[in-house]
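Residue-level listing of the chains:
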Amino acid sequence: MTQPLRLGIAGLGTVGIGVIKIVRQKANLLASRSGRPIEITAISARDRSKDRGVNLADYAWEDDPVKLAQRDDVDVFVELMGGSTGPAKDSIEAAIAAGKDVVTANKALLAVHGQALAEAAEAEDHVIRFEAAVAGGIPVVKSLTEGLAGNDIERVVGVMNGTCNYILTRMENAGLPYDAVFEEANQLGYLEADPTLDVGGIDAGHKLALLASIAYGTKVNFDGVHLEGIQRVTIEDIEQAADMGFRVKLLGVAQMTGRGLVQRMTPCLVPASSPFGQLQNATNMVMIEGDNVGQIVLRGAGAGEGPTASAVMGDVIDIARGTRVSTFGQPASSLRDVKSAAVSSPAAYYLRLALEDKPGALAKIATILGESGISIDRMRQYGHDNTSAPVIIVTHKTDRQSLDNALAGFQNIDVLTTEPVAIRIETL
Ligand code: NAP
Ligand code: HSE
């Protein structure tokens, strides 16, 4: 009989336990599809005594994930602990040095150290696979590295953080403020241990940087991602946007331009009727445009035990079958350094300003916009109280530099009572 593929799993949380359940419950299916049995030989986590709801007695236990990665009875090291440094990095390095293939769901690690780890693995003729790291159960890494490999990729656009999409849609559907919904998300266990990773756009930025590397054959450049989180999006923004036919999404865009690689992960207004506008709760969606294929859209669960474990198993089965694709779709040593483009294509912007309610305040704002070369498309003043008058301005298309000039200009006139909010309007 063909030799089994033996897994060592480090991390027995949501994803790790999901993987163990699939391996146990679908042994025959996995063996049929892989052409060989898939077995777990050893496991590791911090707390051996924790009840994890599955019987782990059949597997050897290692307190130290590095030791697990070095075991002779492990062919594939499956890293499901998380973290951009520490045990995750140490154990993957140990696995590579010990001649193992690696499967991980760890976007934070790969966004920072992916290039070095992929080069190290490929130098030893081993692979690191990471489908579960981007958009959970959606096979977007496989789509880009394999199914779309015959295309020049023109644009990758995505909602890739389920927590942020949950918060934004829940705010709109329940009419609740950000703080209340953030707390709900916390109670539901949606937030990362460090919630800034989610709401600050960092987690989604990690994912975008990984996809951009595959799409454009460039070294992962997370530092080049222009990041803005959703913390400053208010229920007023969501309601005003809805009134104009838009929804607010944390949207990522990666696009190669003549000036360099644009990577941005920022709140955007999208048409409410568009596929991204329709995306509810924690669902993820990635749209890829290729020169031959045109536009394709992938949509599904971006997190959770089943979807994420499904993605891990897709990678494991590939390794069992002998399918060996380079981490970023081409040899890591051939990936190019890339210049980041600071500015992206012109767009209309939604501006929310709180003005002192006094004569001439609005005129000063209009003057600065005019002097910055920005034309106003729509404007409304609503619900002002004794101290401040909220104003929404939708601009005609303008470039980001002009907008930044205007925002800087607003700081020099004493009519704003709070920091202005500027949200790009993306027509998809
Ligand atoms: P989790 O539920 O917090 O589980 C983490 C596991 O790692 C726990 O079993 C923990 O041990 C173990 N661990 C942490 N530090 C360790 C150490 N120093 N040594 C040994 N074990 C250690 O995390 P998760 O949600 O499963 O996420 C795992 C990975 O998948 C992360 O990279 C995450 O970003 C990624 N991911 C998760 C999802 C998702 O939906 N959850 C989706 C996509 C990607 P104890 O249980 O003993 O504390
Ligand atoms: N915190 C992430 C999210 C988990 O909300 O999408 C999946 O990567």
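Everything discussed here concerns the structure shown above.
Since the model is a prediction, treat every value here as computed from it, not as a measurement.

We now examine the nonpolar core. The biggest cluster of nonpolar side chains holds 81 residues, and the ones touching the most others in it are F130, V134, V140, I167, L211 and I230. Looking at this core, the element that brings in the most residues is helix 10 (residues 202–216), giving nine residues. Each residue touching F130, except ones within four places of it in the same chain, is listed here: T104, L110, V141, L210, I214, D315, T327 and F328. Among the nonpolar cores identified, the runner-up in size contains 34 residues, and L12, I20, V78 and A320 belong to it.

Contacts to ligand 1 come from 22 residues, most closely from L12, V15, D47, R52 and G304. Note that an oxygen atom of ligand 1 is positioned 2.9 Å from one of the backbone N or O atoms of V15. Measuring from an oxygen atom of ligand 1, one finds a side-chain N or O atom of R52 at 2.7 Å. Contact with the protein chains removes 79% of the 900 Å² of surface that ligand 1 exposes when unbound. Here the shell around ligand 1 is built from residues that sort into 10 nonpolar, seven polar and five charged.

Inspection of every chain in the model, using the stated rule, returns one cavity of 30 Å³ or more. Taken as a whole, the largest cavity spans an internal volume of roughly 30 Å³. Lining the largest cavity we find I128, R129, V141, T145, V325, S326 and T327. Elements that contribute at least two residues to the lining of the largest cavity include exactly strand 6 (128–129) and helix 6 (140–147).

Our focus in this paragraph is the pairing of strand 1 (residues 5–10). In terms of residue burial, strand 1 counts as a mostly covered element, since five of its six residues are buried. Relative to strand 2 (residues 38–44), strand 1 runs parallel, the two being bridged by six bridges. Note on strand 2: the bridge partner recorded for R6 is E39. For strand 1 and strand 4 (residues 76–79), the ladder comprises four bridges, and the chain directions are parallel. Counted as the bridge partner of I9 is V78 from strand 4.

So, on to unusual backbone geometry. For D125, which is not glycine, the phi dihedral falls at a positive 65 degrees. One can find D125 in the loop between helix 5 (107–123) and strand 6. Residue classification places D125 among the exposed residues on the basis of a relative accessible area of 63%. Phi at N281 takes a positive value of approximately 55 degrees, unusual for a residue other than glycine. Mapped onto the secondary structure, N281 falls in the loop between strand 10 (260–271) and strand 11 (283–290). What makes N281 partly exposed here is its relative accessible area of 38%.

Looking now at the state of the cysteines. Per the counting criterion, the structure on display carries zero disulfides. The closest cysteine sulfur to the non-disulfide-bonded C164 is located on C268, 13 Å from its own sulfur.

A word on the site of ligand 2. Near ligand 2 the following residues occur: K107, N161, G162, T163, E192, D198, D203, K207, G302 and A303. Within the side chain of T163, a nitrogen or oxygen atom sits 2.6 Å from an oxygen atom of ligand 2. In this structure, E192 approaches ligand 2 through a side-chain N or O atom, which is 2.8 Å from a nitrogen atom. When ligand 2 sits alone it has 260 Å² of accessible area, and the protein chains cover 88% of it. Taken together, the elements giving at least two residues each to the shell around ligand 2 come down to helix 7 (162–174) and helix 10.

Calculation notes
- The residue count restarts for each chain, going from 1 along the sequence in the order it is written.
- The lettering of chains begins at A and the numbering of ligands begins at 1, in the order of writing.
- Residues qualify for local features only when their pLDDT is at least 70, as the model is predicted, and side-chain atom pairs are given and counted only at 80 or more; totals for whole chains, interfaces and linings, by contrast, use all residues.
- Computation of side-chain values covers all heavy atoms of the structure but excludes hydrogens and water.
- Here, nonpolar core means buried Ala, Val, Leu, Ile, Met, Phe, Trp, Tyr and Cys residues that are tied together by side-chain atoms lying within 4.5 Å of each other.
- The rule is simple: take the accessible area with a 1.4 Å probe, protein chains only, and divide by the maximum for that residue type; under 20% is buried, over 50% is exposed, in between is partly exposed.
- Put simply, DSSP H or I for four residues or longer makes a helix, DSSP E for two residues or longer makes a strand, and each gets a number counted from the N terminus.
- We call two residues in contact whenever any of their non-hydrogen atoms come within 4.5 Å of each other.
- Proximity criterion: a residue is near a molecule or strand once any of its heavy atoms comes within 4 Å of it.
- Definition of a polar contact: a pair of N or O atoms within 3.5 Å, with one able to donate and the other able to accept a hydrogen when the atoms are protein atoms, and with sequence-neighbouring residues admitted only if both atoms are side-chain atoms.
- Reported accessibility uses the Shrake-Rupley method at a 1.4 Å probe radius. Residues are deemed covered only where the shown protein chains occlude them.
- Residues are grouped as follows: nonpolar covers Ala, Val, Leu, Ile, Met, Phe, Trp, Tyr, Cys and Pro; charged covers Asp, Glu, Lys and Arg; every other residue, Gly included, is treated as polar.
- Here a cavity denotes grid points, spaced 1 Å and computed from the protein atoms alone, that fit a 1.4 Å probe unable to get out, and a pocket denotes an open set having protein on both sides within 12 Å along at least 5 of 7 lines; residues with an atom within 4 Å of a point are the lining.
- Grid points are joined across faces, edges and corners, and a volume is the space filled by probe spheres set on the points.
- Two strands qualify as a pair provided that DSSP identifies no fewer than 2 bridges between them.
- Cysteine sulfurs are considered disulfide-paired once they come within 2.5 Å of each other.

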